[in-house]
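# Chains, contacts and geometry: an overview
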Amino acid sequence: MSLVNINQILTQALKKHYAILHANVISYDMTKAVILAANQACAPIIVAVSEKALQGFADPKDFVLLVKNILNHYKIKIPVAIHLDHGSYNVVLQAIQSGFTSVMYDGSKLALQENLKCTKKIVALAHKKNISVECEVGTVLGKLEDVNIQGQLATVEECKLMAQTGINALAAGIGNLHGKYPPNWEGLNFQRLQEIHQALPNMPLVLHGGSGIPQDQIKKAIKLGVCKFNVGTELMTSFSDALQKYFTGGGYKQAHGYDPRNYLPLGYQQIQNTIIEKIKFLGSYNKYK
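Residues numbered from 1 in each chain as written. Predicted model: local features only at pLDDT ≥ 70, side-chain atom pairs only at ≥ 80, totals over all residues. Heavy atoms only, no water.

### Some words on empty space enclosed by the protein
Applying the stated criterion across every chain, the model contains 1 cavity of 30 Å³ or more. Looking at the largest cavity, its volume works out to about 30 Å³. Looking at the largest cavity, the residues that line it are Ala172, Ile174, Leu193, Leu205, Val206, Leu207 and Val226. Looking at the lining of the largest cavity, the element that brings in the most residues is strand E8 (residues 205-207), giving 3 residues. A breakdown of the residues in the lining of the largest cavity according to their chemical character gives 7 nonpolar, no polar and no charged. (1 Å grid on protein atoms, 1.4 Å probe; cavity = no way out; pocket = protein on both sides within 12 Å on 5 of 7 lines; lining within 4 Å. Points joined across faces, edges and corners; volume = space filled by probe spheres on them. Helix = DSSP H or I, 4+ residues; strand = E, 2+ residues; numbered from the N terminus. Nonpolar A, V, L, I, M, F, W, Y, C, P; charged D, E, K, R; others polar.)

Right, dumping it as structure tokens:
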């Protein structure tokens, strides 16, 4: 088992111009599928659970134990980070005490000074336990808010101030959205991304809302400092597509076709396929043989 914080894997990714996949999970089987796929690809992986998804587990410690059991049982050797995604202040504190190796504090909806104040407190607590901290400026909207609008832009000054808190990774809004992108989406703002990267060349940048961004834009973003790539919607879509194919193809009419044990594995296999495909594209394939 090789548990790491995100700083241990993002620093190298930033230097070598590739990105680490961050996969949002919601269940034991989905978590296992993600880890096994990354292990097959010999790539580091960030296994993440959002504050909302965390409600499906008994408590934050339950999720940590779940991941550790998978790593031990399957003798996983690749670097794995256990990450809290979009956590509020109190939930981040719980994650820090529960064994997460990395946390994302999302104070982006607060006034900037309040966001910075809370971030500094979290950084101080997390770093004492060798836990990495990611924070956000320029709110990344979308599915989490049930809206379809153009993404917000962080300012360079906001990014500089956030970097001064001691965070290990920065999620800066550059026009990206959570969930599926609307047809009229204008794309990533590369001018702003370049300005941020030039101002903070050693800061690992994070691209939230990775599902649905065109590949050419992702490649360009990696060249401009993005080295953590978040995916959630695309994993759920691939799972659902596999099950839809099973049911519309008449699989449920076969003997015991109604049994979830006969069709759920199809969805998890498709998640694994998607994970490996993303890892190859991001350039982290075979980085940890």
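### As for the pattern of salt bridges
Scanning the model with the defined rule gives 4 salt bridges in all. Notably, a salt bridge pairs Lys228 with Glu134, separated by 2.8 Å at the nearest N-O pair. A residue pair is termed long-range when its members are at least 10 positions apart, and Lys228 in strand E9 (residues 226-231) and Glu134 in strand E6 (residues 132-137) qualify at 94 residues. Of the two residues examined, Lys228 and Glu134, each falls in the buried class. With its nearest N and O atoms 2.8 Å apart, the salt bridge here joins Arg261 to Asp259. (Salt bridge = Lys/Arg side-chain N within 4 Å of Asp/Glu carboxyl O. Buried < 20%, exposed > 50% of the residue type's maximum accessible area, 1.4 Å probe, protein only.)

### Comments concerning the nonpolar core
Membership of the largest hydrophobic core comes to 83 residues, with the highest contact counts inside it found for Val34, Phe63, Phe100, Val103, Leu170, Ile271 and Ile275. It is helix H11 (residues 260-282) that contributes the most residues to this core, 8 residues altogether. Excluding residues that lie within four positions of it along the chain, Phe63 makes contacts with Val25, Thr31, Val47, Val49, Leu54, Phe57, Ile82 and Phe100. By size, the runner-up hydrophobic cluster in this structure holds 15 residues, among which are Ile6, Leu10, Ala169 and Val206. (Core = buried A, V, L, I, M, F, W, Y, C linked by side-chain atoms within 4.5 Å. Contact = heavy atoms within 4.5 Å.)

### Focus: the packing of aromatic side chains
Using the criterion set out here, one finds 7 aromatic pairs in the structure. Look at Tyr246 and Phe247: their rings are 5.2 Å apart centre to centre, the planes differ by 90°, and that puts the pair in the edge-to-face class. Exposure remark for Tyr246: the relative accessible area of 13% places this residue in the buried category. You can call Phe247 partly exposed: its relative accessible area is 33%. Taken together, Phe57, Phe63 and Phe100 form an aromatic cluster joined through their ring pairs. Over the ring of Phe190 we find Lys220, and its NZ or CZ is 4.6 Å from the ring centre. (Phe/Tyr/Trp six-rings, centres within 6.5 Å; stacked < 30°, edge-to-face > 60°. Lys NZ or Arg CZ within 6 Å of the ring centre and 35° of its normal.)

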